[in-house]
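Chain and residue survey
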Amino acid sequence: MDEILNDGIKVLYVIARQNEDAGAYDDQKEAVRQLKRLAVSGNPDAINALDRLQHAPDLHPFLKEIIYA
């Protein structure tokens, strides 16, 4: 997979991948939503990040649902 070059996209990806602490889940959902919006607008780094998230075996099913919706 290609490296994510955009720092903002990297931050959103890291937030989406973080461990699910009590307060972190809402942050994860928002990060995935933002990545999805950026990917739909054609941002290649966001597309790459979403692809990585889709194939992450340990990503919470609700976050995957946001990606596929």
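Please refer to the structure placed before this passage.
Predicted, not measured: the structure shown is a model, and the values here were computed from it. (Residues numbered from 1 in each chain as written. Predicted model: local features only at pLDDT ≥ 70, side-chain atom pairs only at ≥ 80, totals over all residues. Heavy atoms only, no water.)

**Some points on the overall build of the chain**
The line we're drawing: The way it works is that DSSP assigns letters per residue, a run of H or I at least four long becomes a helix, a run of E at least two long becomes a strand, and they are numbered from the N terminus. Radius of gyration here is computed from C-alpha atoms only, and the compact-globule reference equals 2.2 Å multiplied by the residue count raised to the power 0.38. Relative accessibility under 20% of the residue-type maximum defines a buried residue, over 50% an exposed one, and the middle range a partly exposed one, all with a 1.4 Å probe and only protein chains included. Contacts: residue pairs with any heavy atoms within 4.5 Å of one another. Residues scored as positive are Lys and Arg, those scored as negative are Asp and Glu, and His as well as the terminal groups of each chain are ignored. Charged side chains are reduced to one point each, which is NZ for Lys, CZ for Arg, CG for Asp and CD for Glu.
Tallying secondary structure elements over the chain gives four helices and zero strands in all. Along the chain, from the amino end to the carboxyl end, the secondary structure elements read α-α-α-α. Its C-alpha atoms give the chain a radius of gyration of 11 Å, near enough to 11 Å, the size a compact globule of 69 residues would have. Expressed as lengths along the three principal axes of its C-alpha atoms, the size of the chain is roughly 30 × 25 × 20 Å. Within the chain, the fraction of its 69 residues that count as buried is 36%. For the chain, the proportion of contacts with a sequence separation of at least 24, taken over those separated by at least 6, is 53%. Where the 8 positive side-chain charges of the chain centre and where its 12 negative ones centre are 4 Å apart.

**A word on the side chain of Asp45**
Positionally, Asp45 belongs in helix 3 (residues 44-54). The contacts of Asp45, once residues within four sequence positions are left out, are Glu3, Ile4, Leu5, Asn6 and Ile9.

**Some words on the nonpolar core**
To be explicit about the condition: Buried residues of nine kinds, namely Ala, Val, Leu, Ile, Met, Phe, Trp, Tyr and Cys, make up a nonpolar core once their side-chain atoms join them within 4.5 Å.
Ranked by size, the top nonpolar core spans 19 residues in total, and within it Val32, Leu35 and Leu53 carry the most contacts. If you list the elements that add at least two residues to this core, you get helix 1 (7-17), helix 2 (24-40), helix 3 and helix 4 (61-68). Counting residues per element, this core draws most heavily on helix 2, which supplies five residues. Excluding its chain neighbours within four sequence positions, the residues that come into contact with Leu53 are Tyr13, Ala16, Arg17, Val32, Leu35, Leu59, Lys64 and Ile67.

**So, the packing of aromatic side chains**
The following threshold applies: For Phe, Tyr and Trp, where Trp contributes only its six-membered ring, two rings pair if their centres lie within 6.5 Å, and the inter-plane angle classes them as stacked under 30 degrees, edge-to-face over 60, or tilted in between. Placement of a positive charge over a ring is assigned whenever Lys NZ or Arg CZ falls within 6 Å of the ring centre and within 35 degrees of the normal to the ring plane.
This structure, assessed with the given rule, holds zero aromatic pairs. Cation over ring: Arg52 sits above Tyr13, and NZ or CZ is 5.9 Å from the ring centre.

**Here's the deal with the pattern of salt bridges**
Pairs may arise between side chains of opposite charge once their charged atoms sit close together. Note the threshold: Whenever Lys or Arg places a side-chain nitrogen within 4 Å of a carboxyl oxygen from Asp or Glu, that contact is recorded as a salt bridge.
Applying the stated criterion across every chain yields a total of four salt bridges. Here Asp58 ties to Arg17 by a salt bridge, and the two come within 2.9 Å at their closest N and O atoms. Here the residue Asp58 occupies a position in the loop between helix 3 and helix 4, and Arg17 occupies one in helix 1, the gap between them amounting to 41 residues. Residue Arg17 is classed as partly exposed on the basis of its relative accessible area of 29%.

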